[in-house]
Structure formats: structure tokens, C-alpha cells
Amino acid sequence: MGHLLVVESWVGAMSGLLPRAVREAGHGFSFLTRDMQHYLRSSPGPGPHPLLAADNVLTVETNEVGPLLGRVEKLHRALGFDGVVTSCDYYLPTVAMIAERLGWAGPSPEAVERACRKDLTRAALQAHGVPGPEFAVTNGWDEAVEAARRIGFPLVVKPVDLCAGMFVRVVRNETELGDAVRALAGFPVNARQQVRNPAVLLEELLDGPEFSVETVTVDGRTTVIGVTDKSIVGAPWFVESGHMFPAALSDKETSEVSATAVAAIEALGLDRVVGHTEVKLTAKGPRIVEVNPRPAGNRITELVRRTTGVDLPMLHVQLALGETPEVTPTPTGARSAAVGFLLPPHRGVVAEIDGVDALGAADVVEWSVKPAGHTAGDPTSNNAYLGHVMVVDRVGSGARARVEELVAGLKVRYAE
């Protein structure tokens, strides 16, 4: 049995899926965090928080990498770890540095940093000829205006180091560009109290639907598990309202999207990672949106598991422990699986969410909604969800339409 060090986590689905994968693989784990209350305030479900299943819960400052490396070395001498892992983007580079320092398995820290920083990703992909949007990395208003005029409106404004679609939006003129740049400047630290990079990424607005490619890369060879489709709503924001796996694409389209994702992974130099690469299928062909060197969020890994039997969080664990896992899909009886997310119409305190009685249907395999008293935020990012519904279709590719029907039947009532 291995002993894995888990450094921080997301507070959503992966805070339960990752510990579950560790235990089901026959291993134990110790959880390292700077603030355990951050997780206890956001329990993913009823009952004890899954992170409390850890053999040890250790409180250490995780935002100061230099001192953290020394602390982990001391903890390793006392507790004996066999590898290190995280599911949280903000700590992926840190975990890669810990693994390198202690001689454990993992991707190179430089490759992970390139993948986690959107500006570095763009530069690396451009250098290797991997297709993406025209872009500019700007510092200050004058640079932003000059770049925007060169790229042309409408365009997309992005932070280089945030997640979940935060502050990513379409701007159609210089007034909206100013609003977006000022909003980013007013958010100097992320949700984990890490100081943000002030650079602003401007990108050409890509046409076409968006997909994600779920992969496993081991010893320089990338295996494509499949392609997930995405429903995007909330213009000018890019909020993911649902996903279906596998995506309803032709064989040719699947091959083109997959090949582009694999080329991006290779260009970034990533290895020994479970990957989640977002791609737009434009009129000119596939274009990379971003590359994530960790399992997909938004319960996509559960869609994959229910349709292929491939457990991506468990593969993430096995890679961190230095194993070379076999990636072999097995029949599950499900032809497609989809998840849909309930977004708040607006900010406010939730009184009740109506329509949950319909979620007892036989094809619904998972659902949850926020309780009365929950304070809903503005529906401008993936952090705003008020609930989710997951269904499986054992006949064909009808899971997406079915889950959209069920989510449409949920109605949010607000307290006065």
C-alpha cells in the first residue's frame, strides 16, 4: 500500500473523487493544506468531509514554495510518502517541484508551469505550430489598446492565471475592454490568497463549438480516452452549463480534435499526466483554448467512468505513485452520459429550488442542489452553480438533451 501526499484540492467534486480513488486503489493519503476551514466551509455532500478520511491532516503554509519544500522533506522523513498529487490548478506547479525535489514520479515543473500559465501556453504552442487564436500578452492600458486594435474587436480578455472561467469575457469595443482590464486589476489575489500575475491576455474570438479531449500521457505516449462536448452560456462570459461524453462528432472530427490536443501536450513537454485539453472546432479547423495537466473538473471524469469504465482520478493517483497504469476501456452498458448545471438567474439568497421531484427518474444517476439560505452569486463563471444533474443513456447519444430538459425544469426561488 502506498502513502500519497495530497497538497490542497478543489472544493467541488474532485475533493471527493480524488480521496475515493486513493482508497479504492488500496492506498492511504495525508492531506496538506494552509487552511482546512476552506474545505469544511464547502463540503461536497452530506456526512463527514471526504478529506477527513486522510491518515493525517497537516496544516502548513502552501503558498510559499521555498519553505514548503523543506517542510515536506521533514514530513517525509517522519511519515514516509511515496508520491505527491493535487487536483487544484493553483498548486500543480508546486506539486511538480515537490516531486522533483524528492525524486518522486511526476511531470517536469517547467512543463506544468507552461500549461498552467495561459500566456506561456500560447507562446509554446505558437513556437511549435499548434493552431490557436491570434493573441497578445499585455501589461498596462496602452499595450492593451494597441493589441486590441491589431487583433480586432470582438476579442476575448483573459487573466493568465485564474481558473473556472473567472474574468474571461468577450469585449466588443474599447469601453468594454477598459471595464474588463479594470476588473482584473481589482482582483490582485486568487481564492487561495496567492498574488496574481497582472498580465492580461487578449485573444481572437474563435467561432464554433467547444470540446475537451481527455487523455493520459505516460512515458511520452498520449492515449486519448475520448472527447467531451461543452454547452457554453452567459455571453459575454464563458460559463459551462453542461457536458456530454462522448461528444456527438463524426470520426473525422474526433480524430482532428484529438490530434490537435495531443500536439499541444507534446509541445508543452508534458508527461505522466492525466490531461484535459479544451479545443474549439472552428471553420478553419481545431484551435486550442487551453491545456490542463490534471483530470477534468465539472464531473466530466464521472461521465467518462460511467461510459468507458476508465477512472481518470485513479489514473492520476497511479501516475503520482510511479505506476504505469493500463488504460483499457470496458463496456458499462451506457452509450452516453451527460451532466447539466443549474445557474442562478441573478445574485440573491435562495429560498428554495423547485422541480427536484423529477430527478427521481431511472436515468438520473446523480443530482444535488444548494439548500435554502445559500447566497447565489452572479452567473459569470463556473463557480456560480446552484446544483447539477447527471444522466446516462443506454441506447444512444440522447443524454445531453435529456439532462437539459431536467435542468430546465428546476426553478430558483429567492428570499425577499
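The rules behind the values
Residues numbered from 1 in each chain as written. Predicted model: local features only at pLDDT ≥ 70, side-chain atom pairs only at ≥ 80, totals over all residues. Heavy atoms only, no water. Helix = DSSP H or I, 4+ residues; strand = E, 2+ residues; numbered from the N terminus. Rg over C-alpha atoms; globule rule 2.2 N^0.38 Å. Buried < 20%, exposed > 50% of the residue type's maximum accessible area, 1.4 Å probe, protein only. Contact = heavy atoms within 4.5 Å. Pairing = 2+ DSSP bridges. Disulfide = S-S within 2.5 Å. UniProt positions renumbered as here; feature names shortened; annotations may be inferred. Phe/Tyr/Trp six-rings, centres within 6.5 Å; stacked < 30°, edge-to-face > 60°. Axes fitted to C-alpha atoms, helices over the stretch in contact; angles between N-to-C directions. Parallel < 35°, antiparallel > 145°, perpendicular 65-115°, else oblique. Nonpolar A, V, L, I, M, F, W, Y, C, P; charged D, E, K, R; others polar. Arc of directions from axis to C-beta. Core = buried A, V, L, I, M, F, W, Y, C linked by side-chain atoms within 4.5 Å. Salt bridge = Lys/Arg side-chain N within 4 Å of Asp/Glu carboxyl O.

> What exactly am I supposed to notice about the overall build of the chain here?
Tallying secondary structure elements over the chain gives twelve helices and 19 strands in all. Radius of gyration (C-alpha) of the chain: 21 Å, near the 22 Å computed for a compact globule of 416 residues. Based on the C-alpha atoms only, the size of the chain along its principal axes is roughly 60 × 50 × 50 Å. Split into buried and exposed, the 416 residues of the chain put 53% on the buried side. Looking at the chain alone, contacts between residues at least 24 apart form 70% of all its contacts between residues at least 6 apart.

> What is the right way to look at the environment of Pro 198 in this model?
The residue Pro 198 is located in the loop between α8 (174-185) and β8 (200-204) in this model. Its relative accessible area of 66% is what places Pro 198 among the exposed residues. Through-space distance from the C-alpha of Pro 198 to that of Ala 144 is 12 Å; in sequence the pair is 54 residues apart.

> Hey, could you run me through the pairing of strand β6 (residues 155-159) in this one?
Successive residues of a regular strand alternate their side chains across the two faces of the sheet. Of all the five residues making up β6, five are buried; the element is thus mostly covered by neighbouring parts of the structure. As paired strands, β6 and strand β7 (residues 169-171) are joined by three bridges and run antiparallel to one another. Looking at β7, one finds that Val 156 is bridged to Val 170.

> Explanation requested: the state of the cysteines in the structure shown.
By definition, a disulfide links two cysteine residues through a covalent bond between their sulfur atoms. Inspection of the entire model under this criterion finds zero disulfides. Left without a disulfide partner, Cys 88 is nearest to the cysteine sulfur of Cys 163, which lies 6.6 Å away.

> Any chance you could explain unusual backbone geometry here in plain terms?
Among all residues save glycine, negative phi is the norm, and among peptide bonds the norm is trans. The omega torsion across Ala 235 and Pro 236 is 10 degrees, close enough to zero to call that bond cis. Inspection of the secondary structure puts Pro 236 in the loop between β10 (221-233) and β11 (239-245). Of note, the amide linkage connecting Phe 245 to Pro 246 takes the cis form, showing an omega dihedral of -5 degrees. With respect to the helices and strands, Pro 246 occurs in the loop between β11 and α9 (251-268). Residues other than glycine seldom take positive phi values, yet Gln 193 does so here, at roughly 65 degrees.

> What is the right way to look at the UniProt feature "domain: ATP-grasp" (unreviewed entry) in the chain in this model?
Per the UniProt entry, the sites bearing "domain: ATP-grasp" (unreviewed entry) are residues 122-321 in this numbering. In residues 122-321, the share of helix is 32% and the share of strand is 32%. The end C-alpha atoms are 30 Å apart.

> Please explain the packing of aromatic side chains as it appears in this structure.
One pair of aromatic rings is described through two measures. These are the centre distance and the angle between the planes. With the rule as written, the count across this model stands at five aromatic pairs. Residues Phe 31 and Tyr 39 carry aromatic rings whose centres are separated by 5.1 Å and whose planes lie at 85 degrees to one another, so their mutual orientation is edge-to-face. What makes Tyr 39 buried here is its relative accessible area of 0%. Ring plane angle 45 degrees and centroid distance 5.0 Å describe the contact between Phe 167 and Phe 187, whose orientation is recorded as tilted. Residue Phe 167 is located in the loop between β6 and β7, and its partner Phe 187 is located in the loop between α8 and β8; the two are separated by 20 residues in the primary sequence.

> What should I look at first to understand the packing of helix α6 (residues 118-127) against α9 in this one?
Angle between the axes and distance between the axes are the two parameters that describe a pair of packed helices. Contact pair α6 / α9: the axes reach a minimum separation of 9 Å and the direction vectors enclose 105 degrees. The angle between the axes of α6 and α9 places the two elements in the roughly perpendicular class. Contacts from Thr 121, Ala 124 and Leu 125 in α6 reach Ala 264, Ala 267 and Leu 268 in α9. Split into classes, the residues belonging to the contact of α6 with α9 amount to five nonpolar, one polar and no charged.

> What is the right way to look at helix α5 (residues 109-116) in this model?
Structurally, the α-helix is built with 3.6 residues per turn, so residues lying three or four positions apart point the same way. By the burial criterion, the buried members of α5 are Pro 109, Ala 111, Val 112, Ala 115 and Cys 116. One side of α5 holds all its buried residues, which, seen down the axis, span an arc of 160 degrees. Check the buried side of α5 and you find it contacts α4 (92-102), α6, α9 and β13 (285-292).

> Any chance you could explain the nonpolar core here in plain terms?
For soluble globular proteins, the rule of thumb is that nonpolar side chains tend to be buried together. Within the largest apolar cluster, 26 residues are counted, with the highest numbers of intra-cluster contacts made by Leu 125, Val 227, Leu 268, Leu 270, Ile 288 and Val 291. In terms of residue count, α9 provides more of this core than any other element does, six residues in total. Once residues within four sequence positions are removed from consideration, Leu 125 is found in contact with Val 130, Ala 264, Ala 267, Leu 268 and Ile 288.

> Help me understand the sheet that holds strand β4 (residues 83-85), please; the structure alone is not making it clear to me.
The strands making up a sheet are joined through hydrogen bonds of the backbone, oriented either antiparallel or parallel. Across the sheet, four strands lie side by side as β3-β2-β1-β4; this open sheet has parallel pairing. Edge positions in the sheet fall to β3 (56-59) and β4, since each has one partner strand and no second. Each adjacent strand pair in this sheet contributes to an overall mean axis angle of 25 degrees, direction not counted. Bridge count between strand β1 (residues 3-7) and β4: three bridges; the pairing is parallel. In the strand pairing of β4, Val 6 is matched with Val 85. Contacting β1, β2 (28-33) and β4, helix α1 (residues 14-24) runs over the sheet at an angle of about 150 degrees to β2. Relative to β4, helix α11 (residues 312-320) is tilted by about 145 degrees, and along the sheet it contacts β1 and β4.

> Can you walk me through the sheet that holds strand β19 (residues 411-414) in this structure?
The strand order β17-β15-β19 describes an open sheet built from three strands, whose pairing is antiparallel. Looking at which strands have only one partner, the edges of the open sheet turn out to be β17 (375-376) and β19.

> When you look at the pattern of salt bridges in this model, what are you seeing that I'm missing?
For side chains of opposite charge, pairing can occur when their charged atoms come near one another. Summed over the entire model, instances satisfying the criterion amount to 30 salt bridges. Here Arg 20 ties to Glu 24 by a salt bridge, and the two come within 3.3 Å at their closest N and O atoms. Highlighted residues: Arg 20 and Glu 24, both in helix α1, separated by four residues, approximately one helical turn. Among the residues examined, Glu 24 registers a relative accessible area of 55% and is labelled exposed. Between Glu 61 and Arg 34 there is a salt bridge; the shortest N-O distance is 2.9 Å. Taken as a pair, Glu 61 in the loop between β3 and α3 (65-79) and Arg 34 in the loop between β2 and α2 (37-40) lie far apart in primary sequence, 27 residues in all. According to the relative accessible area criterion, Glu 61 is partly exposed, its value standing at 31%. By relative accessible area, which is 30% here, Arg 34 ends up partly exposed.

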